[in-house]
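Descriptive analysis of the structure
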Amino acid sequence: MIRVSGDDAANFLHNQLTQDVLLLDAQHGRLAAYCNAKGRMQASFVLYKRAADEVLLVCRRDLLAQTLKRLSMFVLRAKAKLSDATAEFRLLGLSGDVVQHVCGPHASTAPWLRHVVNEGPESADVLTLYPSQGVARALWLAPVDSGATSALAVFPQLAVESWCVADVMSGVAWVEQATFEAFVPQMLNYESVDGVNFKKGCYPGQEVVARSQFRGTLKRRAFIVQADVPMRAGQEVFSSADANQPCGLVAQAATDGDCQLAIAELQLSATDGHRLHLGTAQGALLHLLPLPYPLRDEI
């Protein structure tokens, strides 16, 4: 968890991320990316405004320190303070019926909504994510000194491996250390899952991201793949059409027993009737699985 606090917290993040943070209201969360000047993603977040002068960002732990340091370099005169708030919050993943239970029987579990559970000092925030195989998913955030988390004790605990598999099957990949600066947002389908706002002002890499969207057809996309062997982020993918040059990269992988799944960024041409292999042209065969959402080629 990264906390950005101060009168200029939202404005500062608005100028750094792919999302319109200024227009973000209290009822929504957002998926966002932080890019370098070439539009390559250095980190990804699920973020929300906890208060008018406080924004919380959930990101990969292995990228937190370097992301916090780099973002802090650009605060300059803005009234914004950045800090690592990981130790201050209990962050849990929710899946299935528990999401509807904590949000309320009539609450929507569509992605990127914020629900406040138990208003007051014992409150918790629930941020809905993209579903996985039709199953609702969410993040639960509450201060560590709050008793709000005790309300979840009646529900069975989900294995971490099962959560990671569901994360992959949602089709929304996190940027991690192994994929640092490997992708522009569209390579991970971020514009298709509301992770990029093309109507907002400038941010690092904005020109490249916009040009990728509006000038020519996107040639690389993210797909869900299955294999008979474990995969890991950063592994190259090869196509039977070209044994010498990789056609893609594994963005996020998960293993649960015999279930080996990953989100892989691939050249679209390589997915057109060609065999895909992991690591080398003779590596394990990869099978494409359907994405749970439509790709958006135009905005």
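Right above here is the structure, for reference.
Numbers given for residues are sequential positions, taken from 1 along each chain in its written order. Given that the model is predicted, a residue must reach a pLDDT of at least 70 before its local features are reported, and side-chain atom pairs must reach 80 or more before they are shown or counted; all residues, however, enter totals for whole chains, interfaces and linings. Only hydrogens and water are removed before side-chain values are computed, so all heavy atoms of the structure are retained for them.

Here's the deal with unusual backbone geometry
What you tend to see is this: most non-glycine residues have negative phi, and most peptide bonds are trans. Here is the rule we go by: Every helix listed is a DSSP run of H or I at least four residues long, and every strand listed is a run of E at least two residues long, numbered separately from the N terminus. Think of it in three bands: with a 1.4 Å probe and only protein chains considered, a residue is buried below 20% of the maximum accessible area for its type, exposed above 50%, and partly exposed in between.
A positive phi angle, close to 65°, is found at Asn 189, a residue other than glycine. Position of Asn 189 among the secondary structure elements: in the loop between helix H4 (160-169) and helix H5 (206-214). Positive phi values are uncommon outside glycine, yet Asp 194 reaches one of about 65°. Within the fold, Asp 194 resides in the loop between H4 and H5. Here Asp 194 falls in the partly exposed class, since its relative accessible area comes to 31%.

Observations concerning the pattern of salt bridges
Worth spelling out the cut-off: Salt-bridge detection follows one rule: a side-chain nitrogen of Lys or Arg within 4 Å of a carboxyl oxygen of Asp or Glu.
One pass over the structure, following the stated rule, counts 11 salt bridges. Residue Arg 3 is joined to Glu 54 by a salt bridge in which the shortest nitrogen-to-oxygen separation is 2.7 Å. Highlighted residues: Arg 3 in strand S1 (residues 2-5) and Glu 54 in strand S4 (residues 54-58), separated in sequence by 51 residues. The exposure class assigned to Arg 3 is buried, which follows from its relative accessible area of 15%. Taking the shortest distance from any N to any O, the salt bridge between Asp 125 and Arg 114 comes out at 2.9 Å. Separated by 11 residues along the polypeptide, Asp 125 in strand S8 (residues 124-128) and Arg 114 in strand S7 (residues 114-117) bring together distant segments of the chain. In this structure, Asp 125 and Arg 114 share a single accessibility class: buried.

A few points about the nonpolar core
Keep this limit in mind: Take the buried residues of types Ala, Val, Leu, Ile, Met, Phe, Trp, Tyr and Cys, join any two whose side-chain atoms come within 4.5 Å, and each joined set is a nonpolar core. Any pair of residues with heavy atoms lying within 4.5 Å of one another is described as a contacting pair.
In this structure, Val 4 and Leu 188 are the most contacted members of the largest nonpolar core, which totals 66 residues. Other than its neighbours up to four places away in sequence, Leu 188 contacts Met 41, Ala 173, Val 175, Phe 183, Ala 222, Ala 251 and Tyr 293.

Here we look at the environment of Cys 247
Here Cys 247 shows up in strand S12 (residues 242-256). The exposure class assigned to Cys 247 is buried, which follows from its relative accessible area of 3%. Linking Cys 247 and Phe 74, residues 173 residues apart in sequence, is a C-alpha distance of 35 Å.

Remarks on the sheet that holds strand S9 (residues 137-143)
Our working definition: Two strands pair under a simple rule: DSSP has to find at least two bridges between them. Simply put, an axis is a line fit to the C-alpha atoms, just over the touching stretch for a helix, and the angle between two N-to-C directions goes from 0 to 180 degrees.
With antiparallel pairing, the 4 strands of this open sheet are ordered in space as S6-S9-S8-S7. Unpaired on one side and paired on the other, strand S6 (89-95) and S7 mark the two borders of the sheet. Each strand of the sheet is rotated relative to its neighbour by a mean of 20°, with strand direction disregarded. Both S8 and S9 contribute to a ladder of 4 bridges, which runs antiparallel. Bridge pairing links Leu 127 to Leu 139 in S9. Contacts from H4 reach S6 and S9 within the one sheet, and its direction differs from that of S9 by about 125°.

Points about the environment of Phe 74
Inspection of the secondary structure assignment puts Phe 74 in the loop between helix H2 (61-72) and strand S5 (81-84). Considered as a pair, Phe 74 and Gln 16 are 58 residues apart in the sequence and their alpha carbons are 8.8 Å apart. Ignoring any residue separated from it by four or fewer positions in sequence, one finds Phe 74 in contact with Phe 12, Gln 16 and Tyr 34.

Regarding the sheet that holds strand S14 (residues 276-278)
The 6 strands are arranged S10-S13-S12-S11-S14-S15 in a closed barrel whose pairing can be described as antiparallel. Pairs of neighbouring strands in the sheet enclose a mean axial angle of 45°, with direction left out of account. Of the pairings in the sheet, the one linking S12 to strand S13 (residues 259-267) comprises 8 bridges and is antiparallel in character. Paired with Ala 253 across the bridge in S13 is Ala 262.

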